[in-house]
Amino acid sequence: MRILVIGGGASGMMAALTAAEQTDHQVTVLERQARVGRKLAATGNGRCNLTNQSASPACYHGGRADFVRLVLDAFPVPDTLSFFRNLGLLTVTEPSGRVYPFSDQAGSVVDVLRLAMEQRGIVLEAGCEVSALTFRDGAFFAETNLRRFAADRVIVACGGIAGGKLGGTGSGYALLRSFGHRCTKLYPALVQLKTDPQWVRSLKGVRAEAAVRLMQNNILLADSRGEVQFTEYGVSGPAVFEISRAASVSGTGQTVILDLLPPMEESELAEFLHARAQQFPTLTLENFLTGILQNRLGRTVLRACGFTLDKTAAVLHRQDFRAIAAKIKAFDLPVQGTMGMDQAQVTAGGIETNGFNPETLESRLRPGLYACGEVLDVDGDCGGFNLQWAWSSGHLAGQLKGTHHDSNS
Ligand SMILES: Cc1cc2nc3c(=O)[nH]c(=O)nc-3n(C[C@H](O)[C@H](O)[C@H](O)COP(=O)(O)OP(=O)(O)OC[C@H]3O[C@@H](n4cnc5c(N)ncnc54)[C@H](O)[C@@H]3O)c2cc1C
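The following refers to the structure shown. Computed from a prediction, not measured in an experiment: that's the story for all the values here.

This part covers the overall build of the protein chain. A tally of helices and strands in the protein chain yields 11 helices and 21 strands. If you line up the protein chain on its principal axes, its C-alpha atoms span 85 × 40 × 35 Å. Within the protein chain, the fraction of its 409 residues that count as buried is 49%. Across the protein chain, every contact between residues at least 6 apart in sequence was considered, and the portion connecting residues at least 24 apart equals 75%.

Right, let's talk about helix 11 (residues 385-398) for a bit. For helix 11, with 14 residues, the first-to-last C-alpha span of 19 Å sits near the 20 Å given by 1.5 Å per residue. Looking one or two residues beyond helix 11, the residue adopting positive phi is leucine 400, at roughly 55 degrees.

This paragraph deals with the sheet that holds strand 2 (residues 26-31). Two strands in a sheet stick together by hydrogen bonds in their backbones, pointing the same way (parallel) or opposite ways (antiparallel). The five strands are arranged 7-2-1-11-20 in an open sheet whose pairing can be described as parallel. Where the open sheet ends on each side, the last strands, each with one partner, are strand 7 (123-126) and strand 20 (369-371). Recorded for the sheet is a direction-independent mean angle of 20 degrees between the axes of neighbouring strands. The pairing of strand 11 (residues 153-156) with strand 20 spans three bridges and is classified as parallel. Bridge pairing links valine 154 to leucine 369 in strand 20.

Of all residues adjacent to the ligand, which total 42 residues, the nearest are Gly7, Gly9, Gly159, Gly163 and Gly373. For the shell around the ligand, the secondary-structure elements that each account for two or more residues are helix 1 (10-19), strand 2, helix 5 (171-177) and helix 11. No other element matches the four residues that helix 11 contributes to the shell around the ligand. Along the lines of polarity and charge, the residues of the shell around the ligand split into 16 nonpolar, 20 polar and six charged.

The next thing to look at is the sheet that holds strand 13 (residues 193-195). A barrel is described by the order of its strands in space; here six strands give the closed sequence 13-16-15-14-17-18, paired in antiparallel fashion. Between one strand axis and the next, the sheet turns through 45 degrees on average, direction left out of account. Pairing between strand 14 (residues 207-216) and strand 17 (residues 254-259): six bridges, direction antiparallel. Each bridged residue has a counterpart across the sheet, and for valine 212 the counterpart in strand 17 is leucine 258.

Our next topic: the environment of glycine 37. Mapped onto the elements of the fold, glycine 37 is located in the loop between strand 2 and strand 3 (51-52). When the C-alpha atoms of glycine 37 and glycine 8 are compared, they prove to be 6.1 Å apart, with 29 residues separating the residues in sequence.

The rules we used
Residues numbered from 1 in each chain as written. Predicted model: local features only at pLDDT ≥ 70, side-chain atom pairs only at ≥ 80, totals over all residues. Helix = DSSP H or I, 4+ residues; strand = E, 2+ residues; numbered from the N terminus. Buried ≥ 20, exposed ≤ 12 C-beta atoms within 10 Å, placed from the backbone. Contact = placed C-beta atoms within 7 Å. Expected span 1.5 Å × (residues − 1). Pairing = 2+ DSSP bridges. Axes fitted to C-alpha atoms, helices over the stretch in contact; angles between N-to-C directions. Near = placed C-beta within 6 Å. Nonpolar A, V, L, I, M, F, W, Y, C, P; charged D, E, K, R; others polar.

This is how it looks when you write it as structure tokens:
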């Protein structure tokens with residue numbers, strides 16, 4: 001049987017390798033870029049956080065939870081790790097549950113997949129972009145910039161539009177829409193947030209462990225805890241990525257509130273600051289928060305409270321300690337938007353999952369047509385969950401289970 005996989009990214013390579021396990025399948029991967037796995041090679045800051053030991057449907061959004069559960073159950077994390085081990089990839093699991101290649105190089109993950117594809121006789125057509133897909137007389141036809149490809153089964157693994165520079169395009173959505181599948185609205189997720197630059201600009205490069213809340217009209221939209229990185233345009237880092245999906249889909253009027261000292265209560269902190277001022281009355285405000293917060297961050301907090309830094313601690317009154325403690329516990333930054341799809345790690349939204357059978361990932365509208373990966377309306381939290389979705393869904397689609405009525409329509 002002739003199998004076409006459109007897209008040589010994470011899910012497409014997994015689907016191709018799975019399909020090639022059946023010896024009567026001739027598998028061809030069509031990849032629009034010059035090489036496979038370009039986005040995969042850039043994941044996890046070049047380290048590739050390839051999965052997470054705690055992957056469960058609760059870590060995913062979009063498509064219905066039962067859809068995600070069936071797909072994850074069909075190829076769960078332990079199976080994924082054995083699959084990669086069989087390809088020769090050794091991995092390490094961090095205490096957080098995140099799994100990385102032992103080599104610490106995302107390129108290793110791409111390489112073991114690419115080499116296995118070569119060994120199993122999978123044909124790779126790189127620089128080959130599919131512009132249209134049709135079904136006629138019992139066969140699929142893919143129009144590309146190189147030539148027309150015919151196939152008995154097609155797996156669409158084109159990914160989403162996030163990370164445009166690494167190859168994200170909307171063409172997978174268009175190919176599936178041409179068979180009647182519907183696409184939801186698309187939003188950037190796992191993305192940096194733009195905030196009012198007044199305070200963050202001077203903090204560029206500073207990192208802090210913070211508890212993060214995303215508020216809108218006094219309603220909590222999302223919260224997280226972990227590292228926040230300040231940038232010249234706003235905030236980034238894992239804790240910000242966690243709340244970014246909610247920021248992306250929730251409209252205007254949002255504020256990010258950072259608790260810059262989660263372990264200490266506000267009243268205890270105010271007392272601590274009071275005692276510090278009494279002990280060191282000649283200390284300039286420039287150094288008043290030294291030892292409590294990162295130096296630049298401490299100075300910015302004091303400026304945001306309205307103090308000039310050349311004054312000494314002796315000028316501070318009881319209400320000032322309360323105000324400083326309150327600012328440290330709730331450093332508020334009005335949100336101006338996200339950094340957009342190009343900077344996002346994943347697309348929230350995609351092709352509606354109710355058009356696919358979750359036990360096979362075969363289209364309910366065109367038997368013999370399958371989809372996997374980010375092109376579907378499923379996106380995961382930060383931490384290896386998106387690649388696990390690519391592996392699980394790619395593996396399931398690659399089994400090519402289904403009804404296969406080869407009728408003309
Ligand atoms: C910077 C960055 C870091 C990330 N880090 C992580 C991480 O550490 N852990 C994690 O779990 N997730 C991470 N992600 C998300 C993860 O990379 C994606 O969710 C995953 O790669 C999706 O797999 P996919 O196969 O669906 O799509 P992709 O990997 O994007 O592959 C799709 C492929 O299809 C090709 N293609 C598209 N259209 C066509 C066409 N018409 N014809 C032919 N080929 C086509 C594309 O060129 C591409 O190679 C990161 C994403 C980015 C951008």
